[in-house]
Amino acid sequence: MSRRVLLWGGLSVIAALFAGALYLFALSWRPSTDIYDVQGIDVSAANGAIDWNAAKAAGASFGYIAATDGGTRDERFEENWRAAAAADVRRGAVHVWSLCQPAADQANNFNTVVPKTDDSLPPALSMDFAAGCDARPMRDAVLGEIRRFVTMVEAHTDRPVILLASRAFEAQYRVTEAIDRPIWSAGNFLSPDYAERPWRMWRASDMRRIDGINGPVNWDVVAK
């Protein structure tokens, strides 16, 4: 019995050490720069204060910054927008979609908050099922609202909107099947294929740790 206990105890230690090593590897992992030479981050107020110079040194050549969420604004947007430019990091703005608010109100919020600049990246629309909003409209209604948002934001920015739909949101509403815009897909470590067309940008990790940001940060790559 004692040998069996020692054996299982040893295996448990080995398994714990392996899991720990795997976790540490995941925290530092990013896709190869030989395959994806343009890499960056996407952030919101949840990431706290960001040292954009340190983020650039860690390999982030661009940053997508949460600007608005439904009818509210991200409290760190202006700070991040200015700091990213000062660090010579290309910047783009993100709107977080709400199923509980009219598209026109959301688009007006985004267009009011985000400055129109010649050097900004295309705007992004992030779609997922958010806590606090239980509305689940029919697909045609949702697609109509998203089209309205896209039309209003593109008229303001003169750039095509990038669509970032979570796997669950895409499964229910099939946004990328209906709206022909560049796709930003999300999936840790493995290239995702849940959208209707190949992605233009991939959120490859939501747990990477880099200098200049406390806690995990979303790490993204751009297809060649």
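Residues numbered from 1 in each chain as written. Predicted model: local features only at pLDDT ≥ 70, side-chain atom pairs only at ≥ 80, totals over all residues. Heavy atoms only, no water.

Peer 1: An account of the overall build of the protein is needed here, citing residue identities and associated values.
Peer 2: Within the protein, the regular secondary structure consists of seven helices and nine strands. Taking all 224 residues of the protein together, 46% fall into the buried category. Sequence-distant contacts in the protein: of pairs separated by 6 or more residues, those separated by 24 or more amount to 63%. When the accessible surface of the protein is totalled, it reaches about 11,600 Å², and 55% of it is carbon and sulfur. (Helix = DSSP H or I, 4+ residues; strand = E, 2+ residues; numbered from the N terminus. Buried < 20%, exposed > 50% of the residue type's maximum accessible area, 1.4 Å probe, protein only. Contact = heavy atoms within 4.5 Å. Areas by Shrake-Rupley, 256 points an atom, 1.4 Å probe, with all protein chains shown as cover.)

Peer 1: Tell me about helix α5 (residues 139-157), and name the residues and values.
Peer 2: Along its 19 residues, α5 runs 27 Å from first to last C-alpha, staying within 8% of the 27 Å computed at 1.5 Å per residue. Along α5, the positions that sit buried rather than exposed are V142, L143, I146, F149, V150, V153, E154 and T157. Within α5, the buried residues cover an arc of 125 degrees as seen down the axis, which keeps them to one side. Pointing more than 90 degrees away from the buried face of α5 are the exposed residues D140, T151 and A155. Where α5 is buried, its residues meet β4 (90-96), α4 (103-113), β5 (124-127), β6 (162-165), α6 (167-173) and α7 (175-178). Downstream of α5 by one or two residues, D158 has phi in the positive range, about 60 degrees. (Expected span 1.5 Å × (residues − 1). Arc of directions from axis to C-beta.)

Peer 1: Which residues make up α4, and what values go with them?
Peer 2: Of all the positions in α4, only A103, Q106, A107, N109, F110, N111 and V113 are classed as buried. Looking at the buried side of α4, the elements it contacts are β2 (62-69), β3 (72-73), α3 (77-86), β4 and α5.

Peer 1: Quick rundown of the pairing of β5? Include the residues and the values.
Peer 2: Two faces, one strand: in a regular strand the side chains alternate between the faces of the sheet. Alternating residues of β5 divide into A124 and S126 and L125 and M127, and every residue in both groups is buried. Pairing of β4 with β5, which is carried by three bridges, proceeds in the parallel orientation. Bridge assignment links V96 to a residue of β5, and that residue is S126. Between the parallel pair β4 and β5, the chain is carried across by α4, and the sense of this crossover is right-handed. In the sheet, β5 pairs with β6 via four bridges, with the strands oriented parallel. Considered in β6, the bridge of L125 is made with L163. (Pairing = 2+ DSSP bridges. Right-handed = clockwise from strand over helix to strand, strands pointing away.)

Peer 1: Which residues make up the nonpolar core, and what values do they have?
Peer 2: I41, W52, W97, M127, I146, F169 and V175 are the most contacted members of the largest nonpolar core, which totals 42 residues. With six residues, the single largest contributor to this core is α5. When residues no more than four places from it in sequence are discounted, the contact partners of I41 are W52, A55, A60, F62, G63, Y64, I210, I213, V217, N218, W219 and D220. In terms of nonpolar packing, the next biggest core, distinct from the first, is built from 10 residues, V94, L121, M201 and V222 among them. (Core = buried A, V, L, I, M, F, W, Y, C linked by side-chain atoms within 4.5 Å.)

Peer 1: If you had to explain the environment of G212 to someone new, which residues and values would you point to?
Peer 2: Within the fold, G212 resides in the loop between β8 (201-208) and β9 (217-222). Spatially, the C-alpha atom of G212 lies 8.8 Å from that of A58, the residues being 154 residues apart in sequence. Those residues within four positions of G212 in sequence are excluded, and the remaining contacts are A49, I50, D51 and A54.

Peer 1: Outline the pattern of salt bridges, supporting the account with residue identities and numerical values.
Peer 2: Taken as a whole and assessed by the stated rule, the structure comprises 11 salt bridges. Between R76 and E79 there is a salt bridge whose closest N-O contact spans 3.0 Å. Here R76 falls in the partly exposed class, since its relative accessible area comes to 23%. Salt-bridge contacts for R174 lead to E177; the nearest nitrogen and oxygen are separated by 3.3 Å. Overlapping salt bridges, with partners in common, bring together R139, R174 and E177 in one network. (Salt bridge = Lys/Arg side-chain N within 4 Å of Asp/Glu carboxyl O.)

Peer 1: Tell me about the packing of aromatic side chains, and name the residues and values.
Peer 2: Per the stated rule, a full pass over the model turns up 12 aromatic pairs. Centroid distance Y64 to W184: 5.2 Å. Interplanar angle 50 degrees. Geometry classified as tilted. With Y64 in strand β2 and W184 in strand β7 (residues 184-186), the pair connects residues that are 120 residues apart, well separated along the chain. Residue W184 is classed as buried on the basis of its relative accessible area, which comes to 1%. Measuring from ring centre to ring centre gives 5.7 Å for W97 and F149, while their planes differ by 80 degrees; the resulting arrangement is edge-to-face. Placement of the pair is W97 in the loop between β4 and α4 and F149 in helix α5, with a sequence separation of 52 residues. (Phe/Tyr/Trp six-rings, centres within 6.5 Å; stacked < 30°, edge-to-face > 60°.)

Note that every value here comes from positions in space, so none of it alone points to a role or purpose.
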